[in-house]
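# Tertiary structure, described
Listed below, chain by chain, are the residues.
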Amino acid sequence: MAEQTTRTDIRTAGGAPAGTLDEHDEHDEHDEHDGSGGGHAGRPGTAGKPTGAVVRDALGVGIAVGLSGFAFGVTSAGSGLSVLQSCALSLLVFTGASQFALVGALAAGGNPLTAAAGAFFLGVRNAFYGLRLSQLLALPRAVRPFAAHWVIDETSAVSLAQPDRRSVRLGFTVTGLSLYVLWNLTTLLGALGAEAVGDTDAWGIDAAGPAVFLALLAPMLKTTTERAVAALAVLLILGLLPVLPAGVPVLVAALAAPAVLYIEGRRRGATPNTPQGENR
């Protein structure tokens, strides 16, 4: 308080009106708290990222992941869906994990409602991405419903890696646009190619979907807890496949996360606290 009074007195002595400076200081402090000052996305004091670097990173993600739409188109057609149905899924759903889960369950003979439920639960994570991105992007209300369709793993990862709001918006837009266009184009090509090939099982193309899904998942398992959740989920699915209808084991496997977190919490609670002086 004393420092602010002194600073105001010094500026006033320089000839500027005291009221004007006080209002300016309050405006700066407000910007600093809400993260909107200077165009920074909640990270005051960080330097902006060059436009070329943001576009390069966003296109790299969009192109790399967008090409996997070919695998989805092949898998979708192999599960019995038509080219139109496969393309409609990519256009309207546009979240790879949920799409692969849906067509995978249908290909295994699962109930459509069960398959849809599994896909829905996988897609719920995008709602949590949206809560964070809505603050960083700060888009006009009229644009938000359209932008929400692009809130997926890849756009969230690129956006959250940016230092300021301009870069966040650019990274989100370039990633979303490139990935959406390429994903839908390769879905169409994959579905048409699968129809031309005929029986995808005979060529082993039905394994493309799970392979791509694992390739996307593996880099995300960075901690021991995450790897434990994935391992337990795999064991649950493999153990329940022979006894439960197709699609249901995927839903049951979701219990792996709370189970591992519960065990982890009990383990940490049982570990005695280390005295502060021992680590010195």
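No experiment lies behind these values; they were computed from the predicted model shown.

## What to know about unusual backbone geometry
The phi dihedral of Phe-94 falls on the positive side, at around 50 degrees, and the residue is not glycine. Inspection of the secondary structure assignment puts Phe-94 in the loop between helix H5 (83-92) and helix H6 (96-107). Accessibility expressed as a relative area gives 3% for Phe-94, which makes it buried. Phi at Ala-138 takes a positive value of approximately 50 degrees, unusual for a residue other than glycine. Mapping Ala-138 onto the fold places it in the loop between helix H8 (125-137) and helix H9 (144-148).

## Quick notes on the nonpolar core
Phe-72, Leu-89, Phe-94, Leu-137, Phe-172, Leu-179 and Trp-183 are the most contacted members of the largest nonpolar core, which totals 25 residues. When residues in this core are grouped by element, the largest group, 5 residues, is from helix H11 (residues 165-197). The residues touching Trp-183, leaving out its near neighbours within four places in the chain, are Val-65, Gly-66, Ser-68, Gly-69, Phe-72, Ser-90, Phe-94, Gly-96, Gln-99 and Phe-100.

## Some details on the side chain of Ser-178
Mapped onto the fold, Ser-178 is located in helix H11. Of the polar contacts made by the side chain of Ser-178, one reaches the backbone oxygen of Val-174; its length is 2.7 Å. A polar contact of 3.2 Å, which involves the side chain of Ser-178, links it to the backbone oxygen of Thr-175. With residues up to four places along the chain from it excluded, the contact list for Ser-178 reads Ala-58, Leu-59 and Gly-62.

Criteria and thresholds
- Residues numbered from 1 in each chain as written.
- Predicted model: local features only at pLDDT ≥ 70, side-chain atom pairs only at ≥ 80, totals over all residues.
- Heavy atoms only, no water.
- Helix = DSSP H or I, 4+ residues; strand = E, 2+ residues; numbered from the N terminus.
- Buried < 20%, exposed > 50% of the residue type's maximum accessible area, 1.4 Å probe, protein only.
- Core = buried A, V, L, I, M, F, W, Y, C linked by side-chain atoms within 4.5 Å.
- Contact = heavy atoms within 4.5 Å.
- Polar contact = N/O pair within 3.5 Å; in protein donor to acceptor, adjacent residues only side chain to side chain.

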